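Letter by letter, the chains look like this.
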Amino acid sequence: MSELAVPQLERGRRRLLPPTPFTLAFSFLVLGVVVFLAVAAPLVAPRDPHAQNLLVGLTTPNSEFWFGTDDVGRDVFSRTIFGARGALIGPLAIALGAFLIGNVLGLLAGFRGGLIDAAIMRWVDLMYALPGLLVAIVLVGVLGSSYVLAVVVLLVLTSPFDTRIVRGATLEQRPLAYVEAARTLGLPGRTIMFRHIFPNILPVTLPNAFLNFAFSLVALSALSFLGLGVGPGSAEWGRMLAESRLLLFENPVAALAPGGMIVLTAASMNLVGDWVYERLADRGRAR
Amino acid sequence: MSRQGLVLFVLRRLLALAILLTTVSFGVFSLLYLAPGSAEQVLLAGRPAADAETRNEIRERYNLNDSFAEQYALWAKGAVRLDFGQSIRTGEPVLTAIKDRSGLTIFLGVYGFALAMLAGVSLGILSAVRSRTSADRGIVMFSIVGASAPVFVTGVFLLYAFAVLLDLFPAFGQGEGFLDRFWHLTLPAVALAVGGSALVVRLTRAGMLGALEQDYVTFARARGLSARRVLLAYAFRNALIPVVTAGALVLSFMLTGAALVEVTFALPGIGALLIDSVNFKDLPMVQGLAMVLATVVILINLLTDILYLFIDPRITYSEGTA
Amino acid sequence: MTAVLESRARSLPRQAILETRGLAIESRIGGRRRTIVCDLDLSVAAGETVGVVGESGSGKSMTARALIGLLPQGLSARGSISYAGRELLQLPERELARVRGSEIGLILQDPFTMLNPLLRCGRHITEVLERGDARGVSRRARRAEAVRRLAEVGIAEAVDRYPFELSGGMRQRVAIAAALAGDPAVLIADEPSTALDATTQKEILALLKSLQEARGMGLVLITHDLRVAFAICDRICVLYAGSLLETGGTAALEVEPLHPYTLGLLLSEPPGDRRLAELAAIPGVVPSPDDVAEVCSFSPRCPWAQPICRAGRPPLEPVAPGRLSACRRIDEIRSEMRQRHATVVQPAPPRDTPAVAAPLVEVELVEKVFGDTSSRRVQESVVALAGVSLEIGPHESVGLVGESGSGKTTLARCLVGLETPTSGRISIDGIDATDYDALSTADRRRLRRTVQVVFQDPYSSLNPVRSVGSTLREAIELYNPRSARHARQVDALLEQVGLPASYAVRKPIALSGGERQRVAIARALAVKPRLIVCDEPVSALDVSVQAQILNLLSSLREELGVGYLFITHDLPVVRQVVDRVYVLYRGEIVESGPVDEVIGAPRHPYTIRLVDSMPRSSPDWLAASAPPGAP
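**Q** I'd like a rundown of the overall build of chain B, residues and numbers included.
**A** Within chain B, the secondary structure is distributed over 13 helices and 1 strand. Mapped in sequence order, the helices and strands of chain B form the string α-α-α-α-α-α-α-α-α-α-α-α-α-β. By principal-axis analysis of the C-alpha atoms, chain B measures approximately 85 × 60 × 35 Å. Partitioning the intrachain contacts of chain B with sequence separation of at least 6 by distance along the chain shows that 73% fall at a separation of at least 24. Distance between charge centroids for chain B: 14 Å, based on 25 positive and 22 negative side chains.

Laid out in structure tokens, this is it:
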């Protein structure tokens, strides 16, 4: 579909400033804490995240409710802790799924070329031409809100990006002498794709999985912020933010805590992704 | 590229665009049947449909008694004339509702886009020129946090800081007249721009760094050209393609972001209309909005491709290669 | 002839205009300090051409950058660089920018990356004219000046064209005009002709020489190619692992090098006019400057090295009138070196013509057209091969010579099934190998075991994530899945190509270019092929290493009886390794025959031009330049 033949556009790969050891350590700490909270939420959280307490009502942070309560008296602290679960599972599924789909389709399209390539790229181009999040909003909204549906829709919308990246990287590797030598030796295509090319494009594709995680976290929370994906009252960061944004004057923490967690988690994932990229790219460059 | 080549290219792209829009319209129309429940129930949108008369009226009005293909053809015929039927929720024609709401969203999108490009390009150039200094680190950190912060989170934080704590900007409302509207829409536009500029910074910085290490920059300096000329005519001009790519992405992002930011700031724009309609399952409205938004995004992409042509004389247009 | 010699002699005692004293260049990346160049004394006078000759890793390119104050980030220079009495290393960046372009100019190696792709060629010149006070000049006058400048380099018509519309040679002309737009007194040319075809290379060198003479300019020519330096320089400085080993007038240095490295370099350069029994390769690889900081940098590879050579860095000292050498033992070994020089260059006895046998490979009227071949877009298709026929006998070594775009690589790829010819027929060992995809698995396997390939680029020819051993083992297992002695076979292969068995565990990153090429050859040998297609296997290697690989290929042929299709642009190289040669020009074979006949007495105009463009030191070489564009 795209008729542009842009020479050397792909050559300028991402040029990153690797995170400092301090920011990197901080990012790992944040991710560690989020994972821990997600796993041990019932043990760590002081209260039931869904228990309403109309007697308490809306309160600001205090010694009993560290982050205060929302308008129906639910403990914001406990809700924030439980929110870590939704923030991990969906994005993880999307990142892994897109990595898998992207690598298989991208390697096939790039290495085999021809009809397979044309078919795969037609799909990718269609997805590229559409604004992803808007499609997700319409689809999830019309098909009926559910977390699983939101995850599946985002996976379908994310994997074309991976496919295109993997295909591009494969096309870069394909004319290299080691691939041509393997073809001349008569090695089967599978072997060349998965044992020779795959490890060499990993420096491009693996960091992308981290970026996908961060992107999916943001996108999923956006959907739930809009009331799509998870039900009202769920302990999910985007949903919590939506329900508490009108309480900014009374208990700002109820909105700021889940919002801050989204940013911290996504930024940490991005930073770790940059670091992974730098590590892998260095391995290939030192020749 | 010759003028004739350009015309041919645009014609080919318009054809591709028509095919793409047809595909999209098919998907959009099918929403009616993809939604849970029968088309009839969907179009009743949860209203108790006791009497057969109402049901028949619905079937008549939306041609539900025809075959799927005929229904699509009738719907598409209307869509070409921008007639998407009437909103189930309010009863007003879809097009009128979209027209009424679009002024605000366009204002917001242009405002946010201008802010994002201005900040993104200048910060990107600055961080490439001051590569690996603390300024660079700060800018890169900003772009990472900006890319990780959903528009609604940025919006809520801005609201808290500038409307609740400092009381500098109004928290809600869209304002009357240009200046007042400008004033009211500043926080929403900044919220949009933070996310957008993060992308622009990244791509500008990478493009500039890539260009600065090219032989042609060394050769330009070896001929004694001024640092300014090397930076602008050499590095920045060659980094312009990724910047334009980023610009197109940011513009599309403004549409998506509008939905989030309008909900956050309770602004009655197209984005908010889409969310309301989706939540109400107001299908004619959703279909109309989806078609309009998809068309805008596709047009942005077309304009970007044409823009590339004026930036880089090497870009040639041929079929089937990407 | 005498006039030229006189002008060369006259240029010697002139006052140096650009001069370095004790120049040292260091890199500091990630806290690690590395020496690139140390204690370098260079000078160039107005009207003089100085050649700085060195292999990769000698530090020659960074020296060029340092001379004009444009070292990349992380590199720094110490010592002294003086230009017309001014100390450049002390100059603030602002004033240095004024020196660049108008006092000292620089052109780089790659014409494809040197020009701004978004600016028209004329603009590259006018933007230089616009600097400083010249702003008052009208636009039209500047354009006229740009046309005049481009006319000076022979392509006035390029003024309104973009670089991407021009060939490499034309781009290099534009770059030269742009570099000279500020009328510098000294031009530094960093490998200006290396990326170009042989015939274009000669044109560019002739242009540089004539500009230098017409302008009375100082020219510093940085090159890896002694033959090129001999052809156009007055004086030559030999750089090795960051230090100068020898300097002297070109004529004297060519007749008698006064450093073992220079002699080694000279001898490993395959001569174009005869075939040698064996090339004199220099064993080993170029060390890093820091590893040889306290010894004679060439001592690890020098056949005459003695303990005295390892007692501190030898200084560059006068050894003859106008000659400096950094060899401590030069007086003792001078006669030995002279003797070796004389014996090595003896031509080998003519080869026996191999007995006529049924050919192993027959290529009949093969055509290959790239791009859309449908009639609608004829203008977009490229004819790479236009009906090529050739034969390769068993055990025969056949050369295929051509410049870039001649189709030589396409033919190689067709032979091994990486491309399918558009028409024509290829038959290998009795199997129709025109379309590999149409063959039965058994036939395809047999073909794979008959023909293998070695590619040009040593850096991409091995999978960087796999060890040498696993690369070779994979090739062995493919056709002997049940054999249990793979490890021993890997060792045997490595030994065959002259590498120790311990290399099996290494990753390609830990190997030098020459070593990687040896592994690539071993991988091809793993399936015991009868023919190896060698696509420019040595053109990315340094001369001293190139000779090692060429020697390896000849000994493998004698040992294993394997034949070669040797594809190259380099006539002297092809003369050393093949029996017969085909000359390919724009997809057609224009001449073929025994290699000595074709190169010794070429008949087709293109072959004549190709033979003529081999660099020679005789002063009429550059003068006898064919007009550009002629076949």
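**Q** Give me the lowdown on the sheet that holds strand S5 (residues 86–87) of chain C, citing residues and values where you can.
**A** The strands making up a sheet are joined through hydrogen bonds of the backbone, oriented either antiparallel or parallel. All names here are of chain C. If you walk across this open sheet you meet the 4 strands as S2-S1-S4-S5, and the pairing is antiparallel. Sheet topology places strand S2 (32–45) and S5 at the edges, where each strand pairs with a single neighbour. Relative to S2, strand S1 (residues 16–29) runs antiparallel, the two being bridged by 10 bridges. In the sheet register, serine 27 faces S2, and the bridge partner there is arginine 34.

**Q** Lay out the nonpolar core in plain terms, naming residues and giving numbers.
**A** Ile137 of chain A, Trp75 and Phe219 of chain B together with Leu18, Leu88 and Ile176 of chain C are the most contacted members of the largest nonpolar core, which has 262 residues in total. Apart from residues no more than four positions distant in its own chain, isoleucine 137 of chain A is found in contact with Leu223, Leu226 and Leu228 of chain A together with Ala259, Leu274, Ile275 and Val278 of chain B. Among the nonpolar cores identified, the runner-up in size contains 69 residues, and Met193 of chain A together with Ile532, Leu571 and Val578 of chain C belong to it.

**Q** With reference to specific residues and values, describe the interface of chain C and chain B.
**A** Contacts between the two partners involve 31 residues from chain C, matched on the other side by 20 residues from chain B. In total, about 2,400 Å² of surface goes out of reach between chain C and chain B, with carbon and sulfur atoms giving 57% of it. Close ionic contact of arginine 223 of chain B with glutamate 127 of chain C constitutes a salt bridge, the shortest N to O distance being 3.2 Å. Counting the contacts that link chain C with chain B gives 10 residue pairs in polar contact (both at pLDDT 80 or more). Elements that contribute at least two residues to the side of chain C that touches chain B include exactly helix H3 (93–99), strand S6 (104–107), helix H4 (111–114), helix H5 (121–129) and helix H7 (168–179) of chain C. Per-element tally for the side of chain C that touches chain B: the top contributor is H5 of chain C, with 4 residues. Of the residues contributing to the side of chain C that touches chain B, the split by class is 18 nonpolar, 4 polar and 9 charged.

**Q** For the pattern of salt bridges, give the residues involved together with the corresponding values.
**A** Inspection of every chain in the model, using the stated rule, returns 51 salt bridges over all chains. Glutamate 474 of chain C serves as the salt-bridge partner of arginine 195 of chain A, at 3.5 Å between the closest nitrogen and oxygen. Here glutamate 474 of chain C lies in helix H15 (residues 468–479) and arginine 195 of chain A lies in helix H7 (residues 189–225), a pairing that spans two chains. Across the pair arginine 21 of chain C and aspartate 41 of chain C runs a salt bridge whose closest N-O atoms are separated by 3.6 Å. Placement of the pair is arginine 21 of chain C in strand S1 and aspartate 41 of chain C in strand S2, with a sequence separation of 20 residues.

**Q** Just give me the short version of the domain arrangement of chain C, but keep the residues and values in it.
**A** Residues and elements named next belong to chain C. We note that the domain assignment places domain 1 (266–344) and domain 2 (361–466 + 511–600) within chain C. One C-alpha centre belongs to domain 1, the other to domain 2, and the line joining them spans 35 Å. Between domain 1 and domain 2, the contact holds 17 residues from the first and 13 residues from the second. Interface area, domain 1 with domain 2, both sides summed: about 1,300 Å², of which 55% is carbon and sulfur. If you sort the residues of domain 1 by the area they bury against domain 2, Pro270, Arg275 and Leu279 come out on top, with a joint share of 36%. Scanning the region where domain 1 abuts domain 2 turns up 0 salt bridges.

**Q** Run through the interface of chain B and chain A, naming residues and quoting values.
**A** Across the boundary between the two partners, chain B contributes 66 residues, which contact 57 residues of chain A. For the pair chain B and chain A, the summed buried surface comes to about 5,300 Å²; carbon and sulfur atoms form 73% of the total. When the buried surface of chain B facing chain A is broken down by residue, Arg137, Ser148 and Phe152 of chain B rank first, second and third, together holding 10% of it. Linking chain B to chain A there are 1 salt bridge. For aspartate 274 of chain A, the salt bridge is made with arginine 202 of chain B, and the minimal N-O distance between the two is 2.9 Å. Summed over the shared surface of chain B and chain A, the result is 7 residue pairs in polar contact (both at pLDDT 80 or more).

**Q** Describe helix H4 (residues 132–143) of chain A, with residues and values.
**A** Taking 1.5 Å per residue as the helical rise, H4 of chain A with its 12 residues ought to reach 16 Å, and the 16 Å between its terminal C-alpha atoms agrees with that figure. Buried within H4 of chain A are the following residues: Leu133, Leu134, Ala136, Ile137, Val138, Val140, Gly141 and Val142 of chain A. Lining the buried residues of H4 of chain A we find helix H5 (147–173) and H7 of chain A together with helix H1 (3–34), helix H11 (240–264), helix H12 (270–280) and helix H13 (283–311) of chain B. A positive backbone phi angle near 110° is found at glycine 144 of chain A, which sits one or two residues after H4 of chain A.

**Q** Any chance you could break down the packing of aromatic side chains for me, citing the residues and the numbers?
**A** In this description, a pair of aromatic rings is defined by centroid distance and the angle of the planes. All chains considered together, the criterion is met by 23 aromatic pairs over all chains. When the centroid spacing of 4.6 Å and the interplanar angle of 15° are considered together, the rings of tyrosine 111 of chain B and phenylalanine 182 of chain B count as stacked. In this pair, tyrosine 111 of chain B is assigned in helix H5 (residues 94–129) and phenylalanine 182 of chain B in helix H8 (residues 177–212), connecting sequence segments 71 residues apart. Residue phenylalanine 182 of chain B is classed as partly exposed on the basis of its relative accessible area of 34%. One aromatic cluster is present, formed by Phe26, Phe29, Tyr33, Phe68, Tyr72, Trp75 and Phe84 of chain B through successive ring pairs. Between arginine 174 of chain A and the ring centre of phenylalanine 111 of chain A, over which it is positioned, the NZ or CZ distance is 5.6 Å. A cation over an aromatic ring shows up here: arginine 506 of chain C above the ring of tyrosine 503 of chain C, its NZ or CZ 4.1 Å from the ring centre.

**Q** Give a description of the environment of valine 186 of chain C that names residues and reports values.
**A** All names here are of chain C. Within the secondary structure layout, valine 186 lies in strand S7 (residues 186–190). Classification of valine 186 by relative accessible area gives buried; the value is 0%. The spacing of valine 186 and leucine 316 is 130 residues in sequence and 25 Å in space, taken between C-alpha atoms. Non-local contacts of valine 186, meaning those with residues more than four positions away in its chain, are made with Ile17, Leu18, Val44, Tyr83, Glu103, Ile104, Gly105, Met217, Gly218 and Val220.

**Q** Mind laying out the environment of glycine 106 of chain A, listing which residues take part and the relevant values?
**A** Residue and element names in this part refer to chain A. Within the fold, glycine 106 resides in helix H2 (residues 76–112). Judged by relative accessible area, which is 0%, glycine 106 ranks as buried. As a C-alpha pair, glycine 106 and alanine 182 span 76 residues in sequence and 19 Å in three-dimensional space. Discounting chain neighbours no more than four positions away, the residues touching glycine 106 are Ile101, Thr163, Val166, Arg167 and Thr170.

**Q** Run through the side chain of threonine 607 of chain C, naming residues and quoting values.
**A** Here threonine 607 of chain C is to be found in helix H21 (residues 605–612). Apart from residues no more than four positions distant in its own chain, threonine 607 of chain C is found in contact with Val583, Val590, Glu591, Val598 and Pro602 of chain C.

Analysis parameters
- Residues numbered from 1 in each chain as written.
- Chains lettered and ligands numbered in written order.
- Predicted model: local features only at pLDDT ≥ 70, side-chain atom pairs only at ≥ 80, totals over all residues.
- Heavy atoms only, no water.
- Helix = DSSP H or I, 4+ residues; strand = E, 2+ residues; numbered from the N terminus.
- Contact = heavy atoms within 4.5 Å.
- Lys, Arg positive; Asp, Glu negative; His and termini not counted.
- Charge placed at Lys NZ, Arg CZ, Asp CG, Glu CD.
- Pairing = 2+ DSSP bridges.
- Core = buried A, V, L, I, M, F, W, Y, C linked by side-chain atoms within 4.5 Å.
- Buried < 20%, exposed > 50% of the residue type's maximum accessible area, 1.4 Å probe, protein only.
- Buried area = accessible area lost by both parts, 1.4 Å probe.
- Salt bridge = Lys/Arg side-chain N within 4 Å of Asp/Glu carboxyl O.
- Polar contact = N/O pair within 3.5 Å; in protein donor to acceptor, adjacent residues only side chain to side chain.
- Nonpolar A, V, L, I, M, F, W, Y, C, P; charged D, E, K, R; others polar.
- Domains from an automatic or database assignment.
- Expected span 1.5 Å × (residues − 1).
- Phe/Tyr/Trp six-rings, centres within 6.5 Å; stacked < 30°, edge-to-face > 60°.
- Lys NZ or Arg CZ within 6 Å of the ring centre and 35° of its normal.

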